[in-house]
Amino acid sequence: MRILLIEDDEMLGEAVRDGLAQEGHAVDWVRDCAAALGAVASWSFGALVLDLGLPDGDGLGVLRWLRQNGRGTPVVIVTARDRIGDRIAGLDAGADDYLIKPFDIEELGARLRAITRRADGCTDTLLTAGEVVLDLRQRMVRYQGTPAALTAREYAVAELLMRRAGCLVTRAEIEEELYGFDDQIASNAIEVHIHNLRRKLGPGFITNLKGRGYRVDNAG
Ligand code: CA
């Protein structure tokens, strides 16, 4: 999924960006409120990771803008502020979760998975298409009952297609999900991921609708 990271601390920002990228997320990183507002106004994100103490203001302003504009994007606040009043203010402003610095990147990953599942209204953590079963909680895919060795990006493509099973997903939508605005994308990157998924999860797993996009069918 595509995540907007709003964090002015370089070391922490790098650690979060790299950790989330390793889980297969596309991370766009901005360092102040102005850039964050610009990004959320022009792009759609699967989730936001929001620091509160920013050089040009309070991160809560970004959260309030989102909610006032009807955006339900899941938001996790990460901050050194640990006073109970700050936590209440964050949740009241519409945050979905709250992590106090320092925190473990793996815990942030788990909380992001939990809040995006809730946002999807998806309490069932297993997605099934034919002989392919994807476990959202464990981030693991089984093919014919056997765990498949997928890279983080292959997993992300499989998850996107399976969440939207039965629907056409365009190459541009997959690119947007997988890559941030600073990433260089090889022109055949998506085709390579699709090719590998077919090899690992069976040739019938993904239908290629020539020039239009890709689709996973429920009935497989
Ligand atoms: Ca800060």
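A quick note: this is a predicted structure, and the numbers were derived from the prediction, not measured.

Colleague: Where do I start with the domain arrangement of the protein chain in this structure?
Modeller: A common way to state how big an interface is: give the accessible area lost once the parts meet. Along its sequence, the protein chain is organised into domain 1 (2–119) and domain 2 (126–215). The interface of domain 1 with domain 2 comprises 12 residues on the first partner and 11 residues on the second. If you look at where domain 1 meets domain 2, you find one residue pair in polar contact (both at pLDDT 80 or more). Looking at the side of domain 1 that touches domain 2, the elements with two or more residues in it are strand 2 (26–30) and helix 5 (105–119). With three residues, the top contributor of residues to the side of domain 1 that touches domain 2 is strand 2. Considering only residue class, the side of domain 1 that touches domain 2 consists of three nonpolar, four polar and five charged.

Colleague: What is the right way to look at the side chain of Thr-116 in this model?
Modeller: Tracing the backbone shows Thr-116 in helix 5. The class of Thr-116 is buried, set by a relative accessible area of 9%. A distance of 2.8 Å separates a polar atom in the side chain of Thr-116 from the backbone oxygen of Leu-112. Within the structure, Thr-116 has its side chain in polar contact with the backbone oxygen of Arg-113 (distance 3.1 Å). Other than its neighbours up to four places away in sequence, Thr-116 contacts Met-1, Gly-46, Ala-47 and Pro-74.

Colleague: What should I look at first to understand the side chain of Glu-159 in this one?
Modeller: Along the chain, Glu-159 turns up in helix 6 (residues 152–163). We classify Glu-159 as buried; its relative accessible area is 15%. In this structure Glu-159 touches Leu-127, Leu-134, Leu-136 and Arg-139, once residues within four positions along its chain are discounted.

Colleague: Can you walk me through the sheet that holds strand 8 (residues 126–129) in this structure?
Modeller: In a beta sheet, neighbouring strands are held together by backbone hydrogen bonds and run either parallel or antiparallel to one another. Reading across the sheet, the four strands line up as 8-9-10-11 and stay open at both edges, with antiparallel pairing between neighbours. Edge positions in the sheet fall to strand 8 and strand 11 (146–147), since each has one partner strand and no second. Pairing of strand 9 (residues 132–135) with strand 10 (residues 140–143), which is carried by four bridges, proceeds in the antiparallel orientation. Paired with Val-133 across the bridge in strand 10 is Arg-142. Where helix 6 meets the sheet, it contacts strand 8, strand 9 and strand 10, and its direction lies at approximately 105 degrees from that of strand 9.

Colleague: Looking at this structure, how should I read the nonpolar core?
Modeller: A general trend in soluble globular proteins is that nonpolar side chains are found buried together. Among the nonpolar cores identified, the biggest contains 27 residues, and Leu-134, Leu-161, Met-162, Ile-174, Phe-205 and Ile-206 are the most heavily contacted of them. Contributions of two or more residues to this core are made by strand 8, strand 9, helix 6, helix 7 (171–178) and helix 8 (189–201). With seven residues, the top contributor of residues to this core is helix 6. Not counting residues up to four positions away in its chain, the partners in contact with Met-162 are Leu-127, Thr-128, Ala-129, Val-132, Leu-134, Phe-205 and Val-216. Counting residues in each nonpolar core, the second largest holds 21 residues, with Leu-4, Ala-39, Leu-60 and Val-75 among its members.

Colleague: What am I meant to see in the environment of Thr-146 here?
Modeller: Relative to the helices and strands, Thr-146 is located in strand 11. Measuring from C-alpha to C-alpha, the distance between Thr-146 and Ala-89 comes to 46 Å, with 57 residues separating the pair along the chain.

Thresholds applied
- Residues numbered from 1 in each chain as written.
- Predicted model: local features only at pLDDT ≥ 70, side-chain atom pairs only at ≥ 80, totals over all residues.
- Heavy atoms only, no water.
- Domains from an automatic or database assignment.
- Contact = heavy atoms within 4.5 Å.
- Polar contact = N/O pair within 3.5 Å; in protein donor to acceptor, adjacent residues only side chain to side chain.
- Helix = DSSP H or I, 4+ residues; strand = E, 2+ residues; numbered from the N terminus.
- Nonpolar A, V, L, I, M, F, W, Y, C, P; charged D, E, K, R; others polar.
- Buried < 20%, exposed > 50% of the residue type's maximum accessible area, 1.4 Å probe, protein only.
- Pairing = 2+ DSSP bridges.
- Axes fitted to C-alpha atoms, helices over the stretch in contact; angles between N-to-C directions.
- Core = buried A, V, L, I, M, F, W, Y, C linked by side-chain atoms within 4.5 Å.

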